[in-house]
Amino acid sequence: MSFLGLLVRNRLAFAGLVVMLVIVVLALVTPLLPLADPDVTDTANRFKRPFAASVILGTDHLGRDLLSRLLWGVRLSLAVGFASALIAAAIGAAIGIIAGFYGGRTDNVIMRGVDMLMAFPYILLALAIVASLGPGLINALIAVAAVNIPFFARNIRGVTVSIAHTEFVDAARLSGMGDARIILTEILPNVVPVIVIAMSTTVGWMILETAGLSFLGLGSQPPQADLGSMLGEARSALITNPHTSIVPGAMILVIVMSINLLGDGVRDALDPRLRSGALSRPMPSTLVRREEPVPAKETSALLALSGLKTQFHSNGRIHKAVGGVDLYVRPGECVGVVGESGSGKSVTALSVMGLVASPPGVITAGAAHFSGQDLIGANYETLRRLRGDRVAYIFQDPLTALHPLYTVGAQLVEAIRVHHAMPRAKAREHAVELLESVRIPNAEERLDGYPHELSGGMRQRVGIAMALANDPELIIADEPTTSLDVTVQAQILSLLSELQRERGLAIIFITHDFGVVAQLCNRVAVMYAGRIVEEGPTDAILNAPAHPYTARLMACVPELGRGRHRLAAIPGLPPVLDGLPEGCAFAERCHKAKEACRTGEIALTANAVQRAVRCIDPEFRTADAAR
Amino acid sequence: MTAALEVTELYKTFAVGKRLIGPPRAHVRAVQPLTLTINKGETLGIVGESGCGKSTLARMLVGLLEPSGGQIKIEGEPLNTADPAAFGRRIQYVFQDPVSSLNPRRTIRQIMEAPLKHLHGMSKAARARRIAEIFSAVNLRLDFLDRYPHEFSGGQAQRIVIGRALAADARILVLDEPVSALDVSIQAQVLNLLSDLKEKFDLTYLFISHDLAVVEAISDRIAVLYFGSVVEIGPAIQVFSQPRHPYTKLLAESAPVVGRPLTAPEGRETELPDPHNPPQGCAFRARCSRALSQCGLERPELVREGADRIIACHNSL
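Residues numbered from 1 in each chain as written. Chains lettered and ligands numbered in written order. Predicted model: local features only at pLDDT ≥ 70, side-chain atom pairs only at ≥ 80, totals over all residues. Heavy atoms only, no water.

Q: What exactly am I supposed to notice about the packing of helix H19 (residues 486-503) of chain A against helix H9 (residues 246-254) of chain B here?
A: The description of two helices packed together rests on the angle between their axes and the distance between the axes. Interhelical geometry of H19(A) versus H9(B) gives an angle of 50° and a closest axis separation of 8 Å. Put simply, H19(A) runs oblique to H9(B). The handedness of the crossing between H19(A) and H9(B) is left-handed. Contacts between H19(A) and H9(B) involve Val486(A), Thr487(A) and Ala490(A) from the former and Leu250(B), Leu251(B) and Ser254(B) from the latter. Split by residue class, the contact of H19(A) with H9(B) holds 4 nonpolar, 2 polar and no charged. (Axes fitted to C-alpha atoms, helices over the stretch in contact; angles between N-to-C directions. Helix = DSSP H or I, 4+ residues; strand = E, 2+ residues; numbered from the N terminus. Parallel < 35°, antiparallel > 145°, perpendicular 65-115°, else oblique. Left-handed = near helix turned anticlockwise from the far one by under 90°. Contact = heavy atoms within 4.5 Å. Nonpolar A, V, L, I, M, F, W, Y, C, P; charged D, E, K, R; others polar.)

Here's what the structure looks like:
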């Protein structure tokens, strides 16, 4: 959605925008309006009440027209506020960018100077600056700008540091650009949104500060009107003629309120994190809105998915991440789910326990029977009791799955005590046993360490230990070894395989690596564009793939021991999930595709003993399956 | 054969625990003094696990990181300035994550023009001609030029990044895990493209990856890195099938291969040595089943064995 669209959708920000526009337009046309001269005194008509004859807002202690003074004052206050915001932003951003870009000593010297500036109370600092420069509106402007420079410098420096170390800056260097050019063309465009956000939230504050200085008589000098000096002059008549204070006071309130509302709206609309909905609180379990009849109860397996469909609804588009998946796991069995990114393998796994974030995720059809109980549509309490107890997950990146601020032990103990009430000391003993069972050396000692103190392999062991904490019947492992080195991967895989045998664990193992599947899994399901295209015993499928996608995917993975060779790449790209073609999703890239592939629904049909394929022209089909 | 790239005793130490004034608390050696030669037209694969110094080495080779010592010679000419612009015309870098190596606020045209403008000072017409030439070489449509990076898939973005490296007209490309962020079906497309480009433009590759099979499929020779040093160099076809260094053997046996039963080739408690407290002697000793008492005392030097094998081991296989 466009920036303006997002801004207008935020009602408060829109109200702020409208009020601000009215005020700015009034300030701009003030010289053209038929107003009395704001500076002509008429002591005979002093302290006229508002709405008295010919003066709408009354007159002040010198008989000057308050409406005229107010509009001229707003004009001046806005100009000074915006000017100081611009100056502070420009100088602050320049300081921040230089400090953040060069880093090291330069950064240290500049930022410590900025820190010193920030250590003074702002009004004291502003007073000191005005005192040394002498009173006057321009000097007040300089003071307000100077006081706000540190805020911008610190903000912009933080952003610059993160950008200065990105790969595109390195690439720019290798393209022959100098520092100045990199700052101007690579860094600055990425920093501008932050500058705008920082400005929009501080302009109001700067108008207030300018008014404060004028109120103290250090800003605009009589007879020139600005909002602060009007308040200052009205102070002595506060009790007897309150309207002289209320008029400029209310105006300041309206201006600052509308700017702040607008500023917050601008920030929300520009901030990419807020835009992507990252700060919207997801529901505790995935939204279920089944549009098709609920599949019949399935008790033959430990977990049986039938007709599972999960979609993402965002910005009026529907991404069919999972488009009808049937999959089962028996106790003690390891089932591999293989697919590329966007094939729906992770979303399938997360849907089982209602872990797909809603919004935008919605489960629109299907069932997931775990020991005969349908988990799709089960209430949150049921899911919460099962999660981590009878069904556990292991995620790809153990560093994000573990809380960085709690010790490994505290997290393990919590995982145990959530499901099984036991004294802390006993839970801790159990935690030590768990770490030992995943072969972590010095388990007792590691318990008091934090996740960041462990290596990647050790962290993933902790992740596995946590999954094992409550002796689950099923572990769903989502690419648990993808981010690990090969030697560590071999250790983790053999550990999982051993646990499967020793404890009779059922494992759903999600991966993109056929080598891993071959070594660990009894059965395998291959997914493409949200559906299973082939399913069966691992050995059978790897030796003789039936679906052209499986065959070609296996062929394009380089195989160790073959030496240098050209790979049989699959042309084209996977289809987009918000506009899946009719018929076979792979037809576009398939060398065997014919007319019939692009129409109707192609079913997953048996093509050999215990095997099924979703293709009308599979690579092979045994005689008894065809019967 | 002439050398495209010669590295002599190149090393890098990082300071840890920097203080405002005075020397840092300690130094960590990310790359031990390293000597390496890449011949013209060759693809040298570099494999190693995380923390072995692959990326530090690569960044030094393109001038993004100043070496602490040693010499880099490109096509016979020494370059020790750590000035990326001086390096840029001779050697270019292709990053692991194509999306983050393209500035999100610049169009593809602006990105592609940068090296042509700043390294070669080409005129507008010449730039347009050259970009058209490169885009056809990397199989991209010219109407992509006015779009922004976020509109492209990983595979397309990686083609753009490769195109930008070609635009600099460098003869040597350092490819730092160029396909590990891509899906397998896209990975094969990019690997084949790299082979085609190499032939077409007569390039020399330094191909860094943690994926043994990928490295083997594209390289002529492979160097195995462990804890900042080269432990073995040999022809691609032999290094993993007939490893001579125990670490290479461990790597080769750990890789999951279809049709090979799952084994944990070593004890499960092992971890990489601590760089803050480097071991004496051979860094691999603690994980090695063939370690001798000599291994704990002196670091094995790289020794040439036969015509094309170089190994650093006191008790090689």
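Q: Which parts of the structure should I look at to understand unusual backbone geometry?
A: With the exception of glycine, the majority of residues adopt a negative phi angle, and the majority of peptide bonds are in the trans configuration. Cis geometry marks the peptide bond from Pro222(A) to Pro223(A); its omega dihedral reads 5°. Position of Pro223(A) among the secondary structure elements: in the loop between helix H8 (179-215) and helix H9 (227-234). Positive phi, normally seen in glycine, also occurs at Asp471(A), with a value near 55°. With respect to the helices, strands and loops of the structure, Asp471(A) is situated in the loop between helix H18 (456-468) and strand E8 (474-478). According to the relative accessible area criterion, Asp471(A) is exposed, its value standing at 53%. With a phi close to 60°, Asp202(B) is a non-glycine residue in the positive phi region. One can find Asp202(B) in the loop between helix H6 (184-201) and strand E8 (204-209). (Buried < 20%, exposed > 50% of the residue type's maximum accessible area, 1.4 Å probe, protein only.)

Q: I'm lost on the domain arrangement of chain B in this one. Help?
A: Interfaces are often sized by the accessible area lost when the parts come together. All names here are of chain B. When cut into domains, chain B gives domain 1 (3-219) and domain 2 (246-317). Centre-to-centre separation of domain 1 and domain 2, based on C-alpha positions: 29 Å. In this assembly, 7 residues from domain 1 lie in contact with 9 residues from domain 2. Both faces combined, the contact of domain 1 with domain 2 buries some 670 Å², and carbon together with sulfur accounts for 63% of it. The largest contributions to the domain 1 side of the interface with domain 2 come from Val 28, Glu 49 and Leu 212, which together make up 60% of the buried area. Our enumeration of links across domain 1 and domain 2 arrives at 1 salt bridge. Between Glu 49 and Arg 287 there is a salt bridge; the shortest N-O distance is 3.9 Å. Between domain 1 and domain 2 we count 1 residue pair in polar contact (both at pLDDT 80 or more) in total. Tallied by class, the residues present in the side of domain 1 that touches domain 2 amount to 4 nonpolar, 2 polar and 1 charged. (Domains from an automatic or database assignment. Buried area = accessible area lost by both parts, 1.4 Å probe. Salt bridge = Lys/Arg side-chain N within 4 Å of Asp/Glu carboxyl O. Polar contact = N/O pair within 3.5 Å; in protein donor to acceptor, adjacent residues only side chain to side chain.)

Q: Can you walk me through the packing of helix H7 (residues 167-174) of chain A against H8(A) in this structure?
A: All names here are of chain A. Put simply, H7 and H8 touch, their axes get as near as 10 Å, and they point 150° apart. It follows from the interaxial angle that H7 and H8 lie roughly antiparallel. You can see that H7 and H8 cross each other, and the crossing is right-handed. Mapping the contact onto sequence places Phe 168, Val 169, Ala 172 and Arg 173 in H7 and Asp 179, Ile 182, Glu 186, Ile 187 and Asn 190 in H8. For the contact of H7 with H8, the per-class residue count stands at 5 nonpolar, 1 polar and 3 charged.

Q: Whenever I open this one, the domain arrangement of chain A confuses me. Can you help?
A: Residues and elements named next belong to chain A. If you check the domain split of chain A, you get domain 1 (3-31 + 53-275), domain 2 (303-390 + 470-626) and domain 3 (402-462). For domain 2 versus domain 3, the separation of C-alpha centres amounts to 31 Å. Across the boundary between the two partners, domain 2 contributes 14 residues, which contact 12 residues of domain 3. Interface area lost by domain 2 to domain 3 is led by Asn 470, Ile 492 and Leu 495, which between them contribute 42%. Here domain 2 and domain 3 share 6 residue pairs in polar contact (both at pLDDT 80 or more) between them. Listing elements by their share of the side of domain 2 that touches domain 3, those giving two or more residues are helix H13 (380-386) and H19.

Q: Looking at this structure, how should I read the interface of chain B and chain A?
A: With 71 residues of chain B in contact, the opposing surface of chain A contributes 65 residues. Both sides of the chain B and chain A interface together cover about 5,700 Å² of buried area, and 56% of this is carbon and sulfur. Along the contact surface separating chain B from chain A lie 4 salt bridges. Between Glu186(A) and Arg106(B) there is a salt bridge, with its nearest N and O atoms 3.6 Å apart. In this structure, the connection of chain B to chain A is made through 22 residue pairs in polar contact (both at pLDDT 80 or more). The set of elements that each furnish at least two residues to the side of chain B that touches chain A consists of helix H2 (84-88), strand E6 (91-94), helix H3 (108-120), helix H5 (154-167), H6, helix H7 (212-218) and H9 of chain B. When residues of the side of chain B that touches chain A are assigned to their parent elements, the largest contribution, 11 residues, is made by H6(B). The residue inventory of the side of chain B that touches chain A, partitioned by class, reads 34 nonpolar, 20 polar and 17 charged.

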